[in-house]
Amino acid sequence: MKVNKKCRCDKCGCAFVPEAKILREGEIEYTYFNCDYCGKAYIVSVTDAELRRSIRKYRTLSEKLNGKPLSEQTLREIAELKDGNTKRAAQLRRMYIREG
Ligand SMILES: [Zn+2]
């Protein structure tokens, strides 16, 4: 997976185009990339099986948005899923990433 955006490394100050990689530890999946120059690892996101399931569900539902008018209830369900996923992702980050 290529992220078409250059970023600057906090450690060495070099600009590079990050290439995201995935590391699995049990049901926890880390998406990360390394600085091309000094190798510093940057974690993009952490997901567990439940969150990945919920993200898939969110995508499936939002794909239905293309063209078709959806019921109020479905729209609310999509918003709640998105909200829940965002919160869960932030929680997992705090649990699994030791930053700094
Ligand atoms: Zn660097």
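**Examining the environment of Cys14**
As for its placement among the helices and strands, Cys14 is situated in the loop between strand 1 (7–8) and strand 2 (15–16). Between the C-alpha atom of Cys14 and that of Arg93, which follows or precedes it by 79 residues, the distance is 25 Å. Beyond its immediate stretch of four places on either side in the chain, Cys14 contacts Cys7, Arg8, Cys9 and Tyr37.

**Re the coordination of the zinc ion**
Only Cys9 (SG), Cys12 (SG), Cys35 (SG) and Cys38 (SG) from the protein coordinate the zinc ion, and they sit 2.3 to 2.4 Å from it. One way to put it: the four donor atoms around the zinc ion meet at angles of 106 to 116°, and that makes the site tetrahedral. The motif formed by the donor residues of the zinc ion, counted along the single chain, is C-x2-C-x22-C-x2-C.

**As for the packing of aromatic side chains**
One pass over the full model with this rule turns up three aromatic pairs. When the centroid spacing of 5.5 Å and the interplanar angle of 25° are considered together, the rings of Phe33 and Tyr42 count as stacked. Both residues of the pair, Phe33 and Tyr42, count as buried. Aromatic rings pair up to connect Phe16, Phe33 and Tyr42 into one cluster. Here the basic side chain of Lys40 rests over the ring of Tyr42, its NZ or CZ set 5.1 Å away from the ring centre.

**Some details on the nonpolar core**
One finds Ile28, Tyr30, Val46, Leu51, Leu92 and Ile97 forming the largest nonpolar core, which totals six residues. Of the domains in this structure, domain 1 (1–47) and domain 2 (49–100) are the two that each give at least three residues to this core. Aside from chain neighbours lying at most four places away, what touches Leu92 is Val46, Thr47, Asp48, Leu51 and Ile97. If you look at the next biggest cluster of nonpolar residues, it comprises five residues, including Cys9, Phe16, Cys35 and Tyr42.

**Here's the deal with the domain arrangement of the protein**
The domains assigned to the protein are domain 1 (1–47) and domain 2 (49–100). Domain 1 and domain 2 are separated by 22 Å when their C-alpha centres are compared. With 10 residues of domain 1 at the interface, the matching set in domain 2 holds eight residues. If you sort the residues of domain 1 by the area they bury against domain 2, Glu27, Val46 and Thr47 come out on top, with a joint share of 55%. Applying the counting rule to domain 1 against domain 2 returns one salt bridge. For Arg52, the salt bridge goes to Glu29, with nearest N and O atoms at 3.7 Å. Within the residue set of the side of domain 1 that touches domain 2, elements represented by two or more residues are strand 4 (28–34) and strand 5 (41–47). The biggest single contributor to the side of domain 1 that touches domain 2 is strand 5, with five residues. Here the side of domain 1 that touches domain 2 is built from residues that sort into five nonpolar, two polar and three charged.

Rules of the game
Residues numbered from 1 in each chain as written. Predicted model: local features only at pLDDT ≥ 70, side-chain atom pairs only at ≥ 80, totals over all residues. Heavy atoms only, no water. Helix = DSSP H or I, 4+ residues; strand = E, 2+ residues; numbered from the N terminus. Contact = heavy atoms within 4.5 Å. Donors = N, O, S within 2.8 Å, 3.2 Å for Na, K, Ca; no water. Tetrahedral: all angles 85-135°; square planar, octahedral: opposite > 155°, others 65-115°. Phe/Tyr/Trp six-rings, centres within 6.5 Å; stacked < 30°, edge-to-face > 60°. Buried < 20%, exposed > 50% of the residue type's maximum accessible area, 1.4 Å probe, protein only. Lys NZ or Arg CZ within 6 Å of the ring centre and 35° of its normal. Core = buried A, V, L, I, M, F, W, Y, C linked by side-chain atoms within 4.5 Å. Domains from an automatic or database assignment. Buried area = accessible area lost by both parts, 1.4 Å probe. Salt bridge = Lys/Arg side-chain N within 4 Å of Asp/Glu carboxyl O. Nonpolar A, V, L, I, M, F, W, Y, C, P; charged D, E, K, R; others polar.

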